[in-house]
Amino acid sequence: MALSADWRHSQVHSHAHHPHPPPAPPNPTVTLVDHLADRSHTFSPAELAALPVTVLAACFIQSTGHPLSGPFRFSGVRLLDLLRHAGSDTTALHWVEVVSIDGFGARIGPAELDSDPRILLALTIDDHPLARDAGLVRLIVPSETTEALKQVKWVRTIELF
Ligand SMILES: Nc1nc2c(c(=O)[nH]1)N[C@H]1C(S)=C(S)[C@@H](COP(=O)(O)O)O[C@H]1N2
Ligand SMILES: [Mo]
């Protein structure tokens, strides 16, 4: 596959740092689209909750809209565990694109997945289900501590390229 020179940009769509909460459904599903294997699967909240759980004990969100918040205890499924559970070949990946209901997204490259295996699809915060305001299903990239551009709230699709 030919890759354009700018595919490494972490942000999928330009964004002014101010989240615009969309009308998110109370029971969010996450659809994994594996373009390499040409298949997709939609995970219900129950399926997501049944996957192996990982806890990240002390996370901070460096929001640009308000002061640093945290520490939070996020728990959920590691992105790597989700991909493996779905049978995706994580060694063949060019990048993973995680996109929200409001069209905000982040790209995670294979090197980043390797170096930060904690990258989490969080389902709970401080032992409570993530509320709508907190993002419902939220990508947590612990290594990104400056702008929160990868801390994608209201995750809807995860695409593998
Ligand atoms: N879906 C979605 N996620 C998002 C954003 C957004 O606009 N939409 N904004 C990002 C940015 S720029 C910031 S600073 C943080 C803010 O997160 P907080 O409200 O938990 O502080 O969310 C990040 N995640
Ligand atoms: Mo931000």
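Look up a bit, the structure's there.
All values derive from a computational prediction rather than experimental measurement. (Residues numbered from 1 in each chain as written. Chains lettered and ligands numbered in written order. Predicted model: local features only at pLDDT ≥ 70, side-chain atom pairs only at ≥ 80, totals over all residues. Heavy atoms only, no water.)

Right, let's get into the nonpolar core. Core analysis: the biggest nonpolar cluster contains 28 residues, and Val96, Leu113, Leu121, Leu139, Val155 and Ile158 have the highest contact counts within it. Taken together, the elements giving at least two residues each to this core come down to β1 (30–34), α2 (79–85), β5 (96–100), β6 (105–108), β7 (120–125) and β10 (155–160). If you tally residues by element for this core, the top one is α2, at 4 residues. Not counting chain neighbours up to four residues away, the residues in contact with Leu121 comprise Val30, Ser75, Gly76, Val77, Leu82, Val137, Arg138, Leu139, Val155 and Ile158. Within the second largest apolar cluster, 11 residues are counted, among which are Ile61, Phe74, Leu120 and Ala148. (Core = buried A, V, L, I, M, F, W, Y, C linked by side-chain atoms within 4.5 Å. Buried < 20%, exposed > 50% of the residue type's maximum accessible area, 1.4 Å probe, protein only. Helix = DSSP H or I, 4+ residues; strand = E, 2+ residues; numbered from the N terminus. Contact = heavy atoms within 4.5 Å.)

Looking now at the side chain of Ser100. Its place among the elements puts Ser100 in strand β5. Assessed through its relative accessible area of 5%, Ser100 is described here as buried. Beyond its immediate chain neighbours, meaning those up to four positions away, Ser100 contacts Val152, Lys153, Trp154, Val155 and Arg156.

Within the fold, Asp102 resides in the loop between β5 and β6. Each C-alpha atom, one on Asp102 and one on Pro23, is 8.8 Å from the other, the two residues being 79 residues apart in sequence. Within the structure, the side chain of Asp102 is placed 2.2 Å from the side chain of Ser100, a separation counted as a polar contact. (Polar contact = N/O pair within 3.5 Å; in protein donor to acceptor, adjacent residues only side chain to side chain.)

This part is about the pairing of β1. The buried count for β1 comes to 4 of 5 residues, which makes it a mostly enclosed element. With 5 bridges joining them, β1 and strand β2 (residues 39–43) adopt antiparallel strand pairing. Its bridge partner lying in β2, Asp34 is registered against Arg39. In this structure, the hairpin formed by β1 and β2 is closed by a connection of 4 residues, where Asp38 is found at a positive phi of approximately 55°. (Pairing = 2+ DSSP bridges.)

Taken in spatial order, the 5 strands make up an open sheet running β2-β1-β10-β5-β6, and their pairing is mixed. Only two strands of the sheet have a single neighbouring strand rather than two, namely β2 and β6. Between one strand axis and the next, the sheet turns through 15° on average, direction left out of account. Pairing analysis gives 4 bridges linking β1 to β10, with the strands arranged parallel. Looking at β10, one finds that Thr31 is bridged to Thr157. (Axes fitted to C-alpha atoms, helices over the stretch in contact; angles between N-to-C directions.)

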